[in-house]
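Here is how the chains run, residue by residue.
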Amino acid sequence: MALNTGIERVKEAEAIHHGQGRCEVFDYPREGLAGLKKFLNEQKLPFSFHAPLIRPHYFPYSGVTSFFINDDEEKRKLSFELMKQSAKDTRDWGAEYMVCHLTYREDTEDAEKAWPMAYRAAEYLSELTETTGVPIHIEFAGYAGAFCKPEHFVEVISRYPNLGICIDTGHASNCAQLYGRNYLNDIETMAPYARSMHLWNTKSIEHWRKHGHVPLHPSQCPTEGWVDIEKTLEITLSHNKDLKLIHEYRIANMDDEIAEGFGWIRDTVERFKGFNFA
C-alpha cells in the first residue's frame, strides 16, 4: 500500500480499556508493543483488539476512521487493507475477537451507493473471519450519511452469521438523540446480534464533546439525562448472556469511584443473568 503524503499523522491513541474480566487494546504505537505484550502476559486475562492494533504507515488518520462507506474509492481501499492487517494481528496475538468500525462521519449521503458499499464491507469482514478464524464485531455508530440506523446494521450483518454487533452505549445514545429516536428501542433492535458492548456514559453529544467518555457510576440516574445502563444490560443480556463487556474509558488509577462503577456493572449483570466472570 502506498504511503499517504501531505497528511499529518494523528498520534496513536495507545489505549487499554478494562472490562468485566477482560481488556481491550486499541491503536498502539510500534515502540510500545513490547510493553503491551508484557502487560497482557502479566494480566492473564482474555483480551480483544479494537482495530487497528497497529496503524500502518499508509493510514495516518485517527484509528477510529472508517472509509468503507466513503465516496472515494481509494479511501475505501485503505480501510479494506487496514482490516486485513488488523485481523492478522488479532490472530497472531491470540486476541479473542476484533472490534471495528463500519461507518464514520464522512459516509456518503447517497443511499443507492451506501448500501452496496455496506454489503461489500460486511462480506469482506465475513471472509476475514473465515480465513483467519478471528470473530469480528462491528461497532454501531451512525452520526452521518445514508447508512446510519440500527436497522441498517441489522439488515446487513444478519446476512453474515459469523459477524456480530458491538453496541457502544454512548454512541448509541448520541445517535438516537441526533435523529430523534428512542435509545432503548435502538438497543432492542440490535440486541439479538450483539456480541460485545462498550460501556461509558453521557447525557448528550454536547456533553460528550465536553467530557468525553464518562466513567460509569451508580449515581448516574436516567431521569437526569444519563444513559440507562441497567436497562441496556437487561435488554442485551436477555439475548446473549455471554456478552463481552468493556468499560471504554481510561483508568489511571482504580480509585474508589471507578471501582464502585465496575462493581455496579458486575452486580447488575449478575442480577439479570447470573453471569459468571470467573
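Look up a bit, the structure's there.
My aim in this report is to walk through the structure given alongside it, one point at a time. Everything numeric in this text was worked out from a predicted model, so none of it was measured.

Details of the layout of surface pockets
And then number 1: Each pocket or cavity is described by its volume, and for the largest pocket that value is around 780 Å³.
And then number 2: Taken together, 32 residues form the lining of the largest pocket, with Ser 62, Val 64, Tyr 104, His 171 and Trp 208 sitting closest to its centre.
And then number 3: Those elements that provide at least two residues to the lining of the largest pocket are strand E1 (15-18), helix H5 (169-178) and helix H7 (205-211).
And then number 4: The leading source of residues in the lining of the largest pocket is H7, at three residues.
And then number 5: Of the residues belonging to the lining of the largest pocket, the class tally is 14 nonpolar, nine polar and nine charged.

What about the packing of helix H4 (residues 150-157) against helix H6 (residues 183-190)?
And then number 1: Two elements in contact, H4 and H6, have axes whose closest approach is 9 Å; the angle formed by their N-to-C orientations is 0 degrees. If you check the angle between H4 and H6, you find them roughly parallel. Facing Pro 150, Glu 151 and Val 154 of H4, the residues of H6 in contact are Asp 186, Thr 189 and Met 190.

Some details on the nonpolar core
And then number 1: Membership of the largest hydrophobic core comes to 64 residues, with the highest contact counts inside it found for Met 83, Leu 233 and Ile 265.
And then number 2: No other element matches the nine residues that helix H3 (residues 111-132) contributes to this core.
And then number 3: Core analysis: the next-biggest nonpolar cluster, separate from the first, contains 14 residues, Cys 23, Val 25, Leu 36 and Leu 40 among them.

Calculation criteria
Residues numbered from 1 in each chain as written. Predicted model: local features only at pLDDT ≥ 70, side-chain atom pairs only at ≥ 80, totals over all residues. Heavy atoms only, no water. 1 Å grid on protein atoms, 1.4 Å probe; cavity = no way out; pocket = protein on both sides within 12 Å on 5 of 7 lines; lining within 4 Å. Points joined across faces, edges and corners; volume = space filled by probe spheres on them. Helix = DSSP H or I, 4+ residues; strand = E, 2+ residues; numbered from the N terminus. Nonpolar A, V, L, I, M, F, W, Y, C, P; charged D, E, K, R; others polar. Axes fitted to C-alpha atoms, helices over the stretch in contact; angles between N-to-C directions. Parallel < 35°, antiparallel > 145°, perpendicular 65-115°, else oblique. Contact = heavy atoms within 4.5 Å. Core = buried A, V, L, I, M, F, W, Y, C linked by side-chain atoms within 4.5 Å. Buried < 20%, exposed > 50% of the residue type's maximum accessible area, 1.4 Å probe, protein only.

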